[in-house]
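# Tertiary structure, described
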Amino acid sequence: TDAEEIEEGIDEEGIAEEEVYEGERNAEGEYHGTGILKIPSTSVRFEGEFKDGCKHGKGVMYFDADGDTLEGIWEEDIMQGPGKYSSADGSRMEGFYLDGELTGEVKEYNEDGQMFFDGQYRSNARHGKGTLTFEPIPNSGSITGHWEDGVLNGEAIYSYPNGSSLHGTWEDGEMQSAYFVSKDGVEHKEITYRYDQSDDKIISSDPMLPDPYELRARLSMDPPSTLDNTASSWIHGK
């Protein structure tokens, strides 16, 4: 039978506040079956399956009035397995959640549905091998390399739309050095590109070299914004 119950949740400052549950229950009165869990003072709510008082099975979390959602599978209050985070602007992330965090293969799509990142994640950040494609897609370049905690580090290859490429080394999202490879595969190691680093004496070490790639800032990624305590607890378990 449908029922409604008010229980305590946790707000951003760690202060208990009321949760409202509407849905099915088991013989012990625990959340069991399909239902909706929400806190009236926020826009956060969970709609999905429950078992013995826990979020368990398929469900969708709604984060705000603008329409951001997280869809996936919960096991004993913790998100586990494949999931999809969708933003109100149409962009989305699809990947695998381990103990409530994106870990493993992840694909990121822009608001037009075009994939711009395909690679590995760890603890909600790019970590491992991945390919980032720059806009406008598909007539743009891409970079394939290794990310560490959301930042490109180590050997990487920047591919131009015409098939030529730069092979080099990146540190903290910035290219340190690279050599040019033509679209027919001929290496030109005699031509070395370097990131234009300045100091108190010069403004550029290689002032005549063109910027070899677009949108340098996107090679490093800020950590995901911190969820409020309620949203975080509903993903990672209480």
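These numbers come from a predicted model, not from an experiment.

Cut-offs and rules
Residues numbered from 1 in each chain as written. Predicted model: local features only at pLDDT ≥ 70, side-chain atom pairs only at ≥ 80, totals over all residues. Heavy atoms only, no water. Helix = DSSP H or I, 4+ residues; strand = E, 2+ residues; numbered from the N terminus. Contact = heavy atoms within 4.5 Å. Areas by Shrake-Rupley, 256 points an atom, 1.4 Å probe, with all protein chains shown as cover. Salt bridge = Lys/Arg side-chain N within 4 Å of Asp/Glu carboxyl O. Buried < 20%, exposed > 50% of the residue type's maximum accessible area, 1.4 Å probe, protein only. Pairing = 2+ DSSP bridges. pLDDT = per-residue confidence, 0-100. Patch = residues over 30% accessible without salt bridge, like charges linked within 9 Å, V, L, I, M, F, W, Y side chains within 5 Å. Lys, Arg positive; Asp, Glu negative; His and termini not counted. Charge placed at Lys NZ, Arg CZ, Asp CG, Glu CD. Phe/Tyr/Trp six-rings, centres within 6.5 Å; stacked < 30°, edge-to-face > 60°. Lys NZ or Arg CZ within 6 Å of the ring centre and 35° of its normal.

The next thing to look at is the overall build of the protein chain. A tally of helices and strands in the protein chain yields 1 helix and 17 strands. Sequence-distant contacts, at least 24 apart, represent 20% of the contacts inside the protein chain between residues at least 6 apart. Total accessible area computed for the protein chain in this model is approximately 13,100 Å², and 47% of it derives from carbon and sulfur atoms.

Under the counting rule described, the total for this entry stands at 8 salt bridges. Measuring nitrogen to oxygen at the nearest pair gives 3.0 Å for the salt bridge that ties Asp77 to Lys55. Of this pair, Asp77 sits in the loop between β6 (69-75) and β7 (78-79) while Lys55 sits in strand β5 (residues 54-62), placing them 22 residues apart in sequence. We note that Asp77, like Lys55, is buried. Here Glu187 and Lys189 are joined by a salt bridge, their closest N and O atoms 3.7 Å apart. A relative accessible area of 45% means that Glu187 is categorised as partly exposed. The class of Lys189 is exposed, set by a relative accessible area of 52%.

Turning next to the pairing of strand β16 (residues 174-181). Pairing geometry for strand β15 (residues 165-171) and β16, over 7 bridges, is antiparallel. Considered in β16, the bridge of Leu166 is made with Phe180. Looking at chain direction, β16 and strand β17 (residues 187-194) are connected through 5 bridges and run antiparallel. Across the sheet, the residue bridging to Ala178 is Tyr193, located in β17. Hairpin geometry of β16 and β17 is characterised by an intervening segment of 5 residues between the two adjacent antiparallel strands and by a positive phi of about 90° at Gly185.

Before going further, it helps to examine the confidence of the model for the protein chain. In low-pLDDT segments, the atomic positions of the prediction should not be examined closely. Looking at the protein chain, the pLDDT average stands at 81 and 77% of residues meet or exceed 70. Note that residues 1-6 has pLDDT below 50 and, in this model, 21 contacts with residues that lie over four places away or in other chains. Overall, residues 8-16 carries pLDDT values under 50, and its contacts beyond four positions in sequence, including any with other chains, amount to 21 contacts.

What follows concerns a negative patch on the surface. On the surface, a cluster of negative charge is contributed by Glu28, Glu30, Asp52, Glu75 and Glu76. Mapping Glu76 onto the fold places it in the loop between β6 and β7.

Here we come to the packing of aromatic side chains. The description of an aromatic ring pair uses the distance of the two centres, along with the angle that the planes make with each other. Applying the stated criterion across every chain, the model contains 10 aromatic pairs. Aromatic pair Tyr21 and Phe50: ring centres 5.2 Å apart, planes at 80°, arrangement edge-to-face. One end of the pair, Tyr21, is in strand β2 (residues 16-25); the other, Phe50, is in strand β4 (residues 45-51), and 29 residues separate them in sequence. We classify Tyr21 as buried; its relative accessible area is 0%. Phe50 sits in the buried class, given a relative accessible area of 5%. Ring centres 5.4 Å apart and planes at 85° place the aromatic pair Phe46 and Phe50 in the edge-to-face group. When its relative accessible area of 0% is taken as the criterion, Phe46 is described as buried. An aromatic cluster of three or more residues is present, and its members are Tyr21, Tyr31, Phe46, Phe50 and Trp74. Above the face of the Phe46 ring, Lys55 is positioned so that its terminal group lies 6.0 Å from the ring centre.

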